[in-house]
Amino acid sequence: MHPSRLPAALAALALTASLAGTLAGTATAAANPRPAEPAPPGQGKALALAAADKAADSGLDGLRHGTDEELVRTGVTPWAGGLYYAAYQRTYKGLPVAGGGDAVVVTDSAGKVREVAAAPAPALRLSTRATVGSAAALATARAQLAGVESASAPELTVLLKGNKPVLTWHTLVVGRTAAGRPSSLDTYVDARTGKVAQATDKVLHADGRGYHNGNVTIDTATTSMTDAARSPFRCGGQNGSAYTGSSPWGNGGANDLVTACVDIMYAAQRESDMLKQWFGYNGINGQGGMVPARAGLSEVNAYYDGTKTTYGRNQNGTNQLTGIDVVAHEYGHEIFDKTPGSSGSSNENGGMNESTGDIFGALTEHFANNPNDTPDYTVGEKLNFLGDNKPIRYMYNPSLAGDPNCYPQLNSGTEVHAAAGPQNHWFYLLAEGSNPGGGKPASPICSGGPSSVTGIGVQKAGKIFMGALLMKTSSWNHLAARKATLASAKNTYGSAECNAVKAAWNAIGVPAQSGETDCGGTSTPDFSLSLNPASGTVQAGGSTTATVNTTTTGGSAQTVQLSASGAPSDIKVSFSPSSVTSGSSSTMTVQVAAGTANGTYPITVTGTGSATHTVTYQLTVGTDTPPPTGCANTEYTYQGTLSSGQAEAQPDGSYYYAATAGTHVGCLRGPAGTDFDLYLQKWNGSGWVDVAVGGTAGADEDTSYYGSAGYYRYVVHAYSGSGAYTLGLSTP
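All values derive from a computational prediction rather than experimental measurement.

Conventions used here
Residues numbered from 1 in each chain as written. Predicted model: local features only at pLDDT ≥ 70, side-chain atom pairs only at ≥ 80, totals over all residues. Heavy atoms only, no water. Helix = DSSP H or I, 4+ residues; strand = E, 2+ residues; numbered from the N terminus. Buried < 20%, exposed > 50% of the residue type's maximum accessible area, 1.4 Å probe, protein only. Contact = heavy atoms within 4.5 Å. Areas by Shrake-Rupley, 256 points an atom, 1.4 Å probe, with all protein chains shown as cover. Pairing = 2+ DSSP bridges. Axes fitted to C-alpha atoms, helices over the stretch in contact; angles between N-to-C directions. Expected span 1.5 Å × (residues − 1). Parallel < 35°, antiparallel > 145°, perpendicular 65-115°, else oblique. Nonpolar A, V, L, I, M, F, W, Y, C, P; charged D, E, K, R; others polar. pLDDT = per-residue confidence, 0-100. Phe/Tyr/Trp six-rings, centres within 6.5 Å; stacked < 30°, edge-to-face > 60°. Lys NZ or Arg CZ within 6 Å of the ring centre and 35° of its normal. Salt bridge = Lys/Arg side-chain N within 4 Å of Asp/Glu carboxyl O. Left-handed = near helix turned anticlockwise from the far one by under 90°.

Undergrad: Explanation requested: the overall build of the chain in the structure shown.
TA: A count of helical and extended segments in the chain gives 11 helices and 35 strands. Expressed along its principal axes, the backbone C-alpha trace of the chain runs to roughly 85 × 60 × 60 Å. Here the chain holds 732 residues, and 53% of them are scored as buried. The contacts of the chain with a sequence gap of at least 6 include a subset with a gap of at least 24, amounting to 68%. On the chain, roughly 27,600 Å² of surface is accessible, and the fraction owed to carbon and sulfur atoms is 49%.

Next comes the structure, spelled out in C-alpha cells:
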C-alpha cells in the first residue's frame, strides 16, 4: 500500500455531479430512496487539475510531446479568482528532462484552460544506457571545487544542451572554489564521456547593508533561533547550527552575530508574511518554509546557494549585511528558484533572477514599513559599499548606477547585476508610474515608449509579478515575462491593470508578443481542445476512435473546424461532426489500412476558430500490448490508461450508489511490470474515505468489502509504471 503517493494523484480527479449511469440504474432500488447526491470535496480544484492534466496528456499547443515522453505534474499553486497553476516536468522513458520541455498550465475552477506556457524542446530520441557510473560522475562533479561541503546523489537525467539531448548524471555540489569563493554548482556530467556537460553556479552574490532594524518581534523556539512554523528556517553561525539562548535575542551590537540573526529572521519572516497576506502564496518556497540562514561570513558578501542563505560584513567591517532589502533579496532568489522553471543558465535569466531579488526586497520594505528602514526602490542605500554613501542599484533609474534602463540595451555579455536594470525599471513604472509625485522620484521612459505611465501601487504590482513567476519556465526571458505578467494582470485584476502592465513594458522597450493577452475590457473569444483518450492502439486493417472535446475559454461559444495532419497516406482520420460549437465534442475515427507498418504515428489534431489550437494523438499500430484481462466474473468492466503517478476514478470518472448493504468486489488487472493500486472509497457526508485497499507491489489487485448502503467509487492509481488496465467490479 502506498498512501503517501495517492493524495497528490487524487487531486487531479474530475468528479461529476451525476451518478455513473450503468451502475446507478442497477444498484438502486425504488423502495429505498437514495439520499441527496454528495458535492464532491474540492470539486473546483479537481476540475481545474483534471483540465490541466488533460491538456498536458493531449499535448495542447506547446505541450506537445513525442513517443516515450510524458509531462509529469510536479506542483500546484492556487491563485486568486479560483485559478490554479499546475507545473509539469517533461520525462523521457521515465528520466527527468532538464533545460527545456517544462510547462505550466493555468486553469480555473470550472475546468477551463486559461493559459499555457511551455519551454520549447525537440522530439527526443536517445539511448538511456549510461556507460559512466554514478560514482565516477560524482567524483568528476566534486573535482570542480577545491573544497566540498555537500553533494547530492547523482540522478540520471536527459539534458537539453544546444537543443540536443545528452544523457547525464545530475548533482548539486556545494563548497568553495580554489580562489576561496562560495560556490553551488548545478552540474550535469555526460553519462557516456564522463566529462562535465554543463555546470551553473547557483550562488547569487548580492551587495547589502549592515544595520539593525531596532527592537522587533521575531518567531523562534524558546531556546534556539529556530522557526518551526517555517521549517527548515533557522539562523546561526557558519557551522549551520542555530544559535541557542532565550528572548530577548541579541544585544543590538553592530557586529554581534546573534543580533545579525535577529535582523535576518525579522526580514525573512516579514517577507514570508507579505507573500501570504498580500498574495495568498504559501511562504518563500511555496510550501510554508524557507532555507536556513548563516551569519558571520568573514567576507564582503551575501548569497543564496540553493541550500541556505549566508551573510557577511560590509567593506569597513562596521556592520553585518543583514538589512531588510539584502535579506529579502537573497530569499527572493529562493522564490525564483522554487517557482516553476527554477533558475536558468542564460545571462538574461540571471539578470531577471537578480531583479527578482531586488523586487522582493522593495516589496518587503513596503510591507514591513519599518521606521528604521523606510520603504524605497533603491538597493543597499545604507551600505556605503562604494564609499560614496550611494545605493548600488536604483530601480527607478538604473542608469544612475551605470546599468541599462531599457531592454534593447541588454546583450549576452551584460553582467547579471547590471542586467537586472530593465525589469527593475519596469516594476517601478508599474508600481509608481513615471511621475508619481509625493516625494517619489520620477522615472524615465525609453525611446519609442508612451509619453507617461501611471502606476497601480506596489501591492498590486507585486501580486501580478508573483502570478507571472508561477508561469515561469526554464526558457524565461523578458519576452516571456511580458506575456506572463499580462496574463497574470488580466486574470487577477482586469483590463485596467493589464493595460498598465503593457504600458510599463512598452516604456522599457520590450515589444509586443504574438499570442499575448488582450487587455480589452471584454473577454477575447477563445477555446481549448483535449482528446480522450490521447493515444490508442490498433492492428493494421482496423480502426480506433477518440473523442475530441472543446471548451469555451473566453467570450461566446464559436464554431471550431477540426482537421488532422501528420498521418501517413495509409492512415485516414475523419471527424463526426467535422465542426462543432465550442463546448461540444466530436468523434475522431482513425482507419488504418491493411499492410500499414507497425510503429507509432503522432497525429496532430487542429481546431480552427477565432484562434488555432492543436493536440496530439499518439497512434500505435500493431505493437502495443492490449489491456490485461482476467476479471471475467465481475458484473461490470471498465478500461483506462494511466501514466506513472496518475490516478482516476471509476466508473467513468464518477461514483455509484448502492441502495442496500452487501459486498463490493473489485478486480484490477494492470500492465505487466508495473505497480498499480486499487482503492474502494465511500462518501461519509463530507469526504471520500478508503474502505478497502489493494496495495501490493504488483500490477494486479483484488478487493472485497461488505458495506452499508451509500455512495462508492473505485480509484485506480499508477504508483509506478504506465499503461492500460482493466477494472472489473460487482455491486450489492
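Undergrad: Would you mind going over the sheet that holds strand β25 (residues 599-608) with me for this structure?
TA: Strand pairing in a sheet is mediated by backbone hydrogen bonds. Such pairs are either parallel or antiparallel. Read from one edge of the open sheet, 5 strands run β19-β26-β25-β21-β23, paired in mixed fashion. What marks the edges here is a single partner per strand, and that holds for β19 (535-538) and β23 (579-581). Put simply, the sheet's adjacent strands are angled 30 degrees from each other on average, direction ignored. When strand β21 (residues 559-565) meets β25, the two strands line up antiparallel, connected through 5 bridges. Directly across from Q561, in β25, lies its bridge partner T608.

Undergrad: Is there a simple way to think about helix α8 (residues 421-432) in this case?
TA: Residues lying three or four places apart along an α-helix face the same way, a consequence of the helix completing one turn every 3.6 residues. In this model α8 runs 16 Å from its N-terminal to its C-terminal C-alpha over 12 residues, within 8% of the 16 Å that 1.5 Å per residue would give. Among the residues making up α8, those that are buried are G421, P422, Q423, N424, H425, W426, F427, Y428, L429, L430, A431 and E432. On its buried face, α8 sits against α7 (347-368), β17 (393-394), α9 (458-469), α10 (478-492) and α11 (495-507). One or two residues past the end of α8 sits G433, with phi positive at roughly 95 degrees.

Undergrad: Just to check I follow, could you spell out the packing of helix α5 (residues 257-279) against α9 for this structure?
TA: A packed helix pair is summarised by two numbers, namely the angle formed by the two axes and the spacing between the axes. For the pair α5 and α9, the least separation of the axes is 10 Å and the interaxial angle reads 95 degrees. Considering their axes alone, α5 and α9 lie roughly perpendicular with respect to each other. Every residue of α9 that contacts α5 at L275, W278 and F279 is listed here: V458, Q459, G462, K463 and M466. When the residues that make up the contact of α5 with α9 are grouped by side-chain class, the tally is 5 nonpolar, 2 polar and 1 charged.

Undergrad: So what exactly am I meant to see when it comes to unusual backbone geometry here?
TA: The linkage connecting S247 with the following residue, P248, adopts the cis geometry, with an omega of 5 degrees. Its location among the elements puts P248 in the loop between β12 (235-236) and α5. Geometrically, the link from Q650 to P651 is a cis peptide bond, its omega value of 10 degrees lying close to zero. The topology assignment puts P651 in the loop between β28 (647-650) and β29 (656-658). With a phi close to 50 degrees, K93 is a non-glycine residue in the positive phi region. Residue placement: K93 occurs in the loop between β2 (83-92) and β3 (95-98). Judged by relative accessible area, K93 falls into the partly exposed class, the value being 46%.

Undergrad: Even after reading the chapter, I still don't get the sheet that holds strand β30 (residues 662-669), so can you show me in this structure?
TA: The strand order β27-β35-β30-β33 describes an open sheet built from 4 strands, whose pairing is antiparallel. Edge positions in the sheet fall to β27 (636-642) and β33 (700-707), since each has one partner strand and no second. Each neighbouring strand pair of the sheet contributes to a mean axis angle of 15 degrees, computed without reference to strand direction. In this sheet, strand β35 (residues 723-730) lies alongside β27 in antiparallel orientation, the contact comprising 7 bridges. Paired with T637 across the strands is G728, a residue of β35.

Undergrad: Help me out: how do you make sense of the confidence of the model for the chain in this one?
TA: Close inspection of predicted coordinates is inappropriate for parts of the model with low pLDDT. For the chain, the average pLDDT comes to 88, and 91% of its residues sit at 70 or higher. Within the model, pLDDT remains below 50 along residues 1-41, and this stretch shows 111 contacts once partners closer than five positions in the same chain are excluded. Throughout residues 205-212 the model reports pLDDT below 50, and contacts reaching past four residues in sequence, or to other chains, amount to 52 contacts.

Undergrad: What exactly am I supposed to notice about the packing of aromatic side chains here?
TA: Aromatic ring pairs are described here by two measures, namely the spacing of the ring centres and the angle between the planes. The tally for this structure, following the rule as stated, stands at 19 aromatic pairs. Taken together through their ring pairs, the aromatic side chains of F360, W426, F427, F465 and W505 make up a single cluster. When the ring centre of Y493 is taken as origin, the NZ or CZ atom of K460, which lies over that ring, is 5.2 Å away. It is K472 that lies over the ring of F336; its NZ or CZ is 4.3 Å from the centre.

Undergrad: How should the pattern of salt bridges be read in this particular structure?
TA: Side-chain pairs of opposite charge can arise whenever the charged atoms involved come near each other. All told, the structure shown has 18 salt bridges when counted by the stated rule. A salt bridge links D227 to R230; the nearest nitrogen and oxygen atoms lie 2.6 Å apart. R230 carries the same exposure label as D227, and that label is buried. Salt bridges linked by common partners bring D219, D227, R230, R270 and D273 together as one network.

Undergrad: Would you mind going over α5 with me for this structure?
TA: The terminal C-alpha atoms of α5, which comprises 23 residues, lie 32 Å apart, in line with the 33 Å expected from a rise of 1.5 Å per residue. Taken from the residues just after α5, G280 is the one with a positive phi, measuring 70 degrees.

Undergrad: Help me out: how do you make sense of the packing of α7 against α9 in this one?
TA: Following both chains from N to C, one finds α7 and α9 inclined at 140 degrees, their axes separated by 11 Å at the closest point. Crossing of α7 over α9 shows left-handed handedness. For the pair α7 and α9, contact is made by T356, I359, F360, L363 and H366 and by V458, G462, F465, M466 and L469, respectively.

Undergrad: I keep staring at the side chain of T356 and nothing clicks. Help me out?
TA: Mapped onto the secondary structure, T356 falls in helix α7. Classification of T356 by relative accessible area gives buried; the value is 0%. When sequence neighbours within four positions are dropped, the list of residues in contact with T356 reads G332, F336, Q423, F465 and L469.

Undergrad: Is there a simple way to explain the environment of M225 in this structure?
TA: Positionally, M225 belongs in the loop between β11 (204-205) and β12. Taking the relative accessible area as the measure of exposure, M225 reaches 0% and is therefore buried. Placed 10 residues apart in sequence, M225 and C235 show a C-alpha to C-alpha distance of 5.7 Å.

Undergrad: Help me understand the environment of I264 in this model?
TA: One can find I264 in helix α5. Each C-alpha atom of the pair I264 and R114 lies 39 Å from the other, and the pair is 150 residues apart in sequence. For I264, the contacting residues outside a window of four places in its chain are F233, C235, A293, A295, Y311, T322 and V327.

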